[in-house]
Amino acid sequence: MDALVQELIKIKSEGAGAVLITVVESQGLDGLDSGDKCLVRDGRIVLGEVNDGDLEQTLLREASERLSDEHSRLVSVETASGGQADVFFEVMPSPPKLIVVGAGHIAVPLVKIAKLMDYHVVVIDDRILFANRERFPDADEVIVGDMAETVKALDITPTTYVVLITRGHKYDEPCLRELLDRPAKYIGMIGSKRRIKACFERFKEEEYVSEELISRVYAPIGLDIATETPEEIALGILGEIIKVRRGGKAQSLSRKR
Amino acid sequence: MENIYDDVKEFLDQGETVAVATIVSTKGSTPREVGAKMVVTAWGEILGTIGGGCGEADVRREAIEVVRTRKPRTVRVDLLDDISSDSPAVCGGIMNVFIDPWWKDEESD
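Rules of the game
Residues numbered from 1 in each chain as written. Chains lettered and ligands numbered in written order. Predicted model: local features only at pLDDT ≥ 70, side-chain atom pairs only at ≥ 80, totals over all residues. Heavy atoms only, no water. Phe/Tyr/Trp six-rings, centres within 6.5 Å; stacked < 30°, edge-to-face > 60°. Helix = DSSP H or I, 4+ residues; strand = E, 2+ residues; numbered from the N terminus. Buried < 20%, exposed > 50% of the residue type's maximum accessible area, 1.4 Å probe, protein only. Lys NZ or Arg CZ within 6 Å of the ring centre and 35° of its normal. Pairing = 2+ DSSP bridges. Axes fitted to C-alpha atoms, helices over the stretch in contact; angles between N-to-C directions. Parallel < 35°, antiparallel > 145°, perpendicular 65-115°, else oblique. Left-handed = near helix turned anticlockwise from the far one by under 90°. Contact = heavy atoms within 4.5 Å. Nonpolar A, V, L, I, M, F, W, Y, C, P; charged D, E, K, R; others polar.

A. Layout of the packing of aromatic side chains. According to the stated counting rule, one finds three aromatic pairs over all chains in the structure shown. The interplanar angle of 50° and the centroid separation of 5.8 Å between the aromatic rings of B:Tyr5 and B:Trp102 together place this pair among those described as tilted. Of this pair, B:Tyr5 sits in helix α1 (residues 4–13) while B:Trp102 sits in strand β5 (residues 94–102), and the two are 97 residues apart along the sequence. Residue class for B:Trp102 comes out buried when judged on its relative accessible area of 2%. The aromatic ring of A:Phe130 is capped on one face by A:Arg127, whose charged end is 3.8 Å from the ring centroid. Its guanidinium or amino end placed over the ring of A:Tyr171, A:Arg167 lies 4.1 Å from that ring's centre, counting from NZ or CZ.

Next comes the structure, spelled out in structure tokens:
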């Protein structure tokens, strides 16, 4: 148990994502007792043993789903031999990562608010006058370089959120091309309805990008809260990210309009 | 972010057995969410919270037993029949709390 506690502490300090699986109640499941545990990280069991190969696959699949929706849950698991167990999947999510492409006037409040909420924040721009430490003292990483090339090289996971707010469609579009088939939880792109429609039409016609991939993109970006200032737009974008992350409806809880 | 396992480690390093109580499922309105945890020591000292009130007191009592016997158990906490109580933790829901003993195995060191 000592090794497990140490591993759990290490996972937390590294900011890695993991799932601790605990048997809560076992009925006729060979060799599994209440309190038995295993730890899943990077898609495999790193501590604890499961002797049944099918059961191991079931547990890994469930763990990966839990990690992606960030909700711990009690799950009833059955095996081919007729055993059954209630198993608790405790999610230890890695901190969400926000990638802000384009370091203009919306990026500044966006990074500030995201840091308040403990996101790991990366800012990218090709202009050092904009992407620098003076403008973004709170950001975890500030990268100066070709935006599409930089996005291409970044590690993007199911807990990554990407906001495309560059100074023009000429720059947003190549970044979006690099992102469409990556596993980001959220991709948002700024722009007017008309320009976005034109962009998506081009994608479909010229490059045979599927409707399914395009429908992942949140564009125009943000919640409809009639934002006006850069600060309000930034809040609207983060509101949308929270909605996607937590599965909300984004209405007033009072149902008032 | 809180990390309850830091506390668990400290107790284990001192050779103590502790109980970790986790809300594993809920029905209706409950004071805390699935996954909320608290650590209970042999003397009933509590770190963290699963919502306070009578429900937490019941879990604490059971947890002391779990530390003593080193056998896990699940406790159903019913917040429904508590309406007349003046405890602030009356929510009207039900939660299942898994209580699990943790200790340091000698052979693994």
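B. Here's a closer look at the sheet that holds strand β8 (residues 141–144) of chain A. Residues and elements named next belong to chain A. Ordered by their spatial adjacency, six strands build an open sheet running β8-β7-β6-β9-β10-β11, and the pairing between neighbours is parallel. One side of each edge strand has no neighbouring strand; the edge strands of this open sheet are β8 and β11 (217–218). As defined by bridge partners, strand β6 (residues 97–101) adjoins strand β7 (residues 120–125) across five bridges and the pair is classed as parallel. Each bridged residue has a counterpart across the sheet, and for Lys97 the counterpart in β7 is His120.

C. Region of the structure containing the packing of helix α3 (residues 107–116) of chain A against helix α8 (residues 230–246) of chain A. All names here are of chain A. Running from N to C, α3 and α8 cross one another at 45°; their axes reach a closest spacing of 8 Å. Between α3 and α8, the interaxial angle falls into the category oblique. Along this stretch, α3 crosses α8, giving a crossing that reads as right-handed. Along the contact surface, α3 presents Pro109, Leu110, Ile113 and Ala114, while α8 presents Pro230, Glu231, Ala234, Leu235, Ile237 and Leu238. Split by residue class, the contact of α3 with α8 holds nine nonpolar, no polar and one charged.

D. Molecular detail of unusual backbone geometry. Residues and elements named next belong to chain A. The residue after Ala219, namely Pro220, is reached through a cis peptide bond having omega 0°. With respect to the helices and strands, the residue Pro220 is situated in the loop between β11 and α8. The phi torsion at Asp118 lies on the positive side, around 70°, for a residue other than glycine. The residue Ala250 is not glycine, and still its phi comes out positive at about 60°. Within the secondary structure, Ala250 is located in the segment after α8.

E. Main features of the sheet that holds strand β1 (residues 18–27) of chain A. All names here are of chain A. Sheet architecture is open: five strands sit in the order β3-β2-β1-β5-β4, paired in antiparallel fashion. Every interior strand has two partners, whereas the edge strands, β3 (44–47) and β4 (73–78), have only one. Across the sheet, the axes of successive neighbouring strands diverge by a mean angle of 35°, strand direction being ignored. Pairing of β1 with strand β2 (residues 37–41) involves five bridges; the strand directions are antiparallel. Within β2, the residue paired with Ala18 across the bridge is Arg41. Against the sheet, helix α1 (residues 2–14) engages β1, β2, β3 and β5 (84–92), with an angle of about 25° to β2. Seen against the sheet, helix α2 (residues 53–69) touches β1, β2, β3, β4 and β5 and runs at an angle of roughly 35° to β5.

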